[in-house]
Amino acid sequence: MNPSRDLIWMMLSDTPLSQSLRAHIEREERGRFVGETALPDAGEIGVVIADDAHLGALKAARLRAGEAMQSIFITEKAETRVQADFVLSAETDFASLRSVLNAACDYRDQVLGLQADVARRKSAIGTIMSGQFVFRTLEEARNLSTMLALACPNSDAVVVGLQELMVNAVEHGNLEISAREKRDLLMTGGWREEVEHRLAHPDYRDRRVIVTFQRGTRMIVFTIQDEGEGFDHEAFLAAPAPDERYRGRGITLARTLSFSSVTYMGSGSVVEAVIMLDEAGR
């Protein structure tokens, strides 16, 4: 997959860290760099990076971004309610910040790739009415989410939230990687290696995710069940702790962009996602 060439808008106070980051972006060419300026006149913002002094940049960027935009917020405050995909301490070192930026670009590329797959395959599949599917890996989650999204209206939006729920079932469910652990792994660049390690580990390698799909006259229902121990979903959805949140919009994206409702059940190892159908979407 080709790296995104969309705008990387950096609104940071002038520090050695921001200078190093700017040099890295310009050298690595992960995106077209936009410096500490006002909102660019043209182009979709791919990644926005801001600090406490430039909080407004996060809100401004959302006006010119699709659902794939990634945001990195660097703060001196021990606790913050700022909604961003990655919330980092001002004490974060350059190596960690670079790893997070790469993770943000990779995630954006992945979302855009999913939507491109859906666009290419729209004429290659009929309407699925019901079925049960089993997968184990992140790659299988990607492929299945693409296929099932094609059976839904607004498939380019559905595929984003559907993959998010499926990936959560693998990472946080079956592989028991906590939000804090994933954040730390992303900051050190060790996330992919740890996922592959756990997929091969005897404690996790036999775990599967079961997805049930049912299309009726009024709604489409996905049920996604993993074999993990679950989590306190009521507390998480009510007030997610900032220091546990490496990507604040995952479940929010699924609930607002992709589905009419997203409901976790029991211990949290089962999630039901519903799409209500109108006359145009049937």
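Residues numbered from 1 in each chain as written. Predicted model: local features only at pLDDT ≥ 70, side-chain atom pairs only at ≥ 80, totals over all residues. Heavy atoms only, no water.

**Student:** Can you break down the overall build of the protein residue by residue, with the values?
**Tutor:** Scanning the protein from terminus to terminus reveals nine helices and 10 strands. Counting over 282 residues, the protein shows a buried share of 51%. Expressed as a percentage of contacts within the protein between residues at least 6 apart in sequence, the contacts between residues at least 24 apart total 66%. Only carbon and sulfur atoms are counted for the fraction: they give 48% of the accessible area of the protein, which is about 13600 Å². (Helix = DSSP H or I, 4+ residues; strand = E, 2+ residues; numbered from the N terminus. Buried < 20%, exposed > 50% of the residue type's maximum accessible area, 1.4 Å probe, protein only. Contact = heavy atoms within 4.5 Å. Areas by Shrake-Rupley, 256 points an atom, 1.4 Å probe, with all protein chains shown as cover.)

**Student:** Would you mind going over the confidence of the model for the protein in detail, with residue names and values included?
**Tutor:** Averaged over the protein, the pLDDT score is 82; the fraction of residues at 70 or greater is 79%. Note on residues 240-246: pLDDT under 50 across the span, and 24 contacts to partners over four residues away in sequence or across chains. (pLDDT = per-residue confidence, 0-100.)

**Student:** Explain the sheet that holds strand β6 (residues 130-135) to me, and be specific about the residues and the numbers.
**Tutor:** In spatial order, the strands read β6-β7-β8-β10-β9; together these five strands make up an open sheet with antiparallel pairing. Only two strands of the sheet have a single neighbouring strand rather than two, namely β6 and β9 (261-265). For this sheet the average axis-to-axis angle between neighbouring strands, irrespective of direction, equals 15°. As judged from the five bridges shared by β9 and strand β10 (residues 270-276), these two strands associate in the antiparallel manner. When the sheet's bridge partners are listed, Val262 is paired in β10 with Ala273. (Pairing = 2+ DSSP bridges. Axes fitted to C-alpha atoms, helices over the stretch in contact; angles between N-to-C directions.)

**Student:** How would you sum up helix α7 (residues 191-200)? Please name residues and give values.
**Tutor:** Considered for burial, the residues of α7 that qualify are Trp191, Val195, Arg198 and Leu199. Looking straight down α7, one finds its buried side chains confined to an arc of 105°; they lie on one side. Residues of α7 that are exposed and point over 90 degrees away from its buried face: Glu193 and Ala200. Taken together, the buried residues of α7 touch α4 (138-149), α5 (155-174) and α6 (179-188). (Arc of directions from axis to C-beta.)

**Student:** Account for the pattern of salt bridges, naming residues and giving values.
**Tutor:** Pairing is possible between side chains of opposite charge, provided their charged atoms come close. This model, assessed by the stated rule, comprises eight salt bridges. Arg120 is paired through a salt bridge with Asp117; the nearest N and O atoms lie 2.2 Å apart. Placement of the pair is Arg120 and Asp117 together in helix α3 (residues 94-121), with a separation of three residues, close to one helical turn. Here Lys182 makes a salt bridge to Glu171, at a shortest N to O gap of 2.7 Å. Taken together, the residues span a long stretch of sequence, with Lys182 in helix α6 and Glu171 in helix α5 at a distance of 11 residues. (Salt bridge = Lys/Arg side-chain N within 4 Å of Asp/Glu carboxyl O.)

**Student:** Give a detailed account of the packing of aromatic side chains, specifying residues and quantitative values.
**Tutor:** In the structure shown here, the tally under the stated rule is two aromatic pairs. Arranged with centres 5.2 Å apart and planes meeting at 65°, the rings of Phe213 and Phe222 form a pair that is edge-to-face. Here Phe213 matches Phe222 in class, with each residue buried. Taking the centre distance of 5.9 Å and the plane angle of 65° together, the rings of Phe222 and Phe259 count as edge-to-face. Linking Phe222 in strand β8 (residues 219-225) with Phe259 in the loop between α9 (250-258) and β9, this pair joins segments that are 37 residues apart in sequence. Judged by its relative accessible area of 0%, Phe222 falls in the buried class. (Phe/Tyr/Trp six-rings, centres within 6.5 Å; stacked < 30°, edge-to-face > 60°.)

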